[in-house]
Amino acid sequence: MKKVLAINSGSSSFKYKLFSFPSEEVIAKGGAERVGMPNSIFKIKLANGNEYIKNMSIPTQRDAVSLLIDCLKKYHVVEKLSEIKGVGHRIVNGGEVFPNSVVIDNHNLHKLERIAQLAPLHNGPETEGIKAFMSILPNVPQVAVFDTAYHHTLDDVHYLYSIPYKYYKDYAVRKYGAHGTSVRYVAPRAAKMMHKNINIARLIVCHLGSGSSITAVKNGKSYDTSMGFSPLTGVTMGTRSGDLDPSALQYLMHKTGMDIDQAIDMLNQESGLLGISGVSSDMRDLIESDEPRAKLARRIYINRVVRYVGAYAAEMDGVDGIVFTAGIGEHDPGIRAGIMSSLKYLGLKADFEANRTDGEKFISKPDSKVKALIVPTNEEVMIAREVIKLTR
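Reading the values: rules and limits
Residues numbered from 1 in each chain as written. Predicted model: local features only at pLDDT ≥ 70, side-chain atom pairs only at ≥ 80, totals over all residues. Heavy atoms only, no water. 1 Å grid on protein atoms, 1.4 Å probe; cavity = no way out; pocket = protein on both sides within 12 Å on 5 of 7 lines; lining within 4 Å. Points joined across faces, edges and corners; volume = space filled by probe spheres on them. Nonpolar A, V, L, I, M, F, W, Y, C, P; charged D, E, K, R; others polar. Buried < 20%, exposed > 50% of the residue type's maximum accessible area, 1.4 Å probe, protein only. Helix = DSSP H or I, 4+ residues; strand = E, 2+ residues; numbered from the N terminus. Pairing = 2+ DSSP bridges. Phe/Tyr/Trp six-rings, centres within 6.5 Å; stacked < 30°, edge-to-face > 60°. Lys NZ or Arg CZ within 6 Å of the ring centre and 35° of its normal. Expected span 1.5 Å × (residues − 1). Contact = heavy atoms within 4.5 Å.

1. Overview of empty space enclosed by the protein
Here is step 1 of the chain: All chains considered together, the criterion is met by 1 cavity of 30 Å³ or more.
Here is step 2 of the chain: There is about 30 Å³ of room inside the largest cavity.
Here is step 3 of the chain: Every residue lining the largest cavity is listed: L160, Y161, I163, P164, Y165, Y168 and V173.
Here is step 4 of the chain: Grouping the amino acids of the lining of the largest cavity by side-chain chemistry returns 7 nonpolar, no polar and no charged.

2. Quick word on the pairing of strand β2 (residues 14-21)
Here is step 1 of the chain: The element β2 is extensively covered by neighbouring structure, given that 7 of its 8 residues are classed as buried.
Here is step 2 of the chain: Both strand β1 (residues 2-9) and β2 contribute to a ladder of 8 bridges, which runs antiparallel. Of the residues in β2, the one forming a bridge with K3 is S20.
Here is step 3 of the chain: Sheet analysis places β2 next to strand β3 (residues 25-33), joined by 7 bridges and oriented antiparallel. Across the sheet, residue Y16 finds its bridge partner in β3, namely G30.
Here is step 4 of the chain: In this antiparallel pair of consecutive strands, β2 and β3, the connection spans 3 residues, and E24 shows a positive phi of 65°.

3. Considering the sheet that holds strand β7 (residues 102-103)
Here is step 1 of the chain: Taken in spatial order, the 8 strands line up as β5-β4-β3-β2-β1-β6-β8-β7 in an open sheet, and their pairing is mixed. Each end of this open sheet is capped by a strand with a single partner; those strands are β5 (51-55) and β7.
Here is step 2 of the chain: Pairing analysis gives 2 bridges linking β7 to strand β8 (residues 142-146), with the strands arranged antiparallel. Pairing of V103 across the sheet is with V143, part of β8.

4. Focus on the packing of aromatic side chains
Here is step 1 of the chain: If you walk through the whole model with that rule in mind, you get 11 aromatic pairs.
Here is step 2 of the chain: Seen from their ring centres, Y167 and Y171 are 6.5 Å apart, and the 20° between their planes marks the pair as stacked. With a gap of 4 residues between them, Y167 and Y171 both fall in helix α5 (residues 165-171), about one helical turn apart.
Here is step 3 of the chain: Judged by its relative accessible area of 34%, Y167 is partly exposed.
Here is step 4 of the chain: The exposed category is assigned to Y171, whose relative accessible area is 59%.
Here is step 5 of the chain: Put simply, the rings of F14, Y16, F42 and F133 touch in pairs and so form one group of aromatic residues.
Here is step 6 of the chain: Above the ring of Y159, the side-chain terminus of R174 is found at 3.9 Å from the ring centroid.
Here is step 7 of the chain: The lysine or arginine in question, K218, covers the ring of Y223, its NZ or CZ lying 5.0 Å from the ring centre.

5. Side note on helix α3 (residues 123-136)
Here is step 1 of the chain: Between the first and last C-alpha of α3 there are 20 Å, a value that for 14 residues agrees with the 20 Å anticipated at 1.5 Å per step.
Here is step 2 of the chain: For α3, the full list of buried residues reads N123, P125, E126, T127, G129, I130, A132, F133 and I136.
Here is step 3 of the chain: Here the buried face of α3 lies against β1, α1 (61-74), β6 (84-91), α2 (106-114) and β8.

Laid out in structure tokens, this is it:
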């Protein structure tokens, strides 16, 4: 039996799951919240259902990692640290430097640090998380698993921008995508549910959460995807604008005096559902709000998803299945219903009764030409599998 940690780090948090292989049983999970901030929280839930929540100061990522290791020992999840055979870390953007998952040594760590700007809200904190684990568990392999790796199958028609080619050659400015770890799990599962060979299936995966992306999967590979050079572009998201005319940004900068960094921060952190509604970036808050702009934000969100689904159906000369996953995709029947209602022209016959509840299932009628499915994502198990593959 091998025990493997899967880690998903944020700027002030991280989530984790500890797996037992080969069974892939989750034997502990939880996370640290508000790291480096007042009122920090650490959670651990064990396989027996017991959950422990600690409210305490967690000044740094290293402190959070130390707390995790201490809890694993305290609650006898592991008796010795040598039982942990590897730690896998989700990294949003590996650029062209990392087309596949890698074991992190000092050389690869330096390369990671050099591409931090490709996903400034993610890559930096994720790299700091790796450093913390390397310090606390110096003899345990650390594996970086890149969301962008799945999208390295895009061809140049799909990943190049229509700007001078020298900027791609000199600076690798291109579409990289994101959420590939999720799509890598969800797409084969959806194909299996549909009794289709993933290598001939045409799927559109709607990873809908605080960060949202739409990915066309053709012949078992990423064919096109909505996020671009960074996770900022594509559909409307929780706090991210999605697609925007760059001239509008230039205009706003001149009018408001924002510099480019402030402007990009605004697009990343103050826009999307939050910016439109003025209420919240959380769909659950928008459902409960009487503010007309909250309802408008939901309609805009649906519209942007439908645009990409239609475009990808055209690119692939049809589609066999529309797959909903991630927080909104799995748990917001209103958003799913709105999207499906706009896709009747593709031959999708929605089963609105089935759509009222969550869980892995079909939400289209049996005679629907295009199937609609809910498939809960499991990025952590994909991360753990990569660790097992690279540390055998």
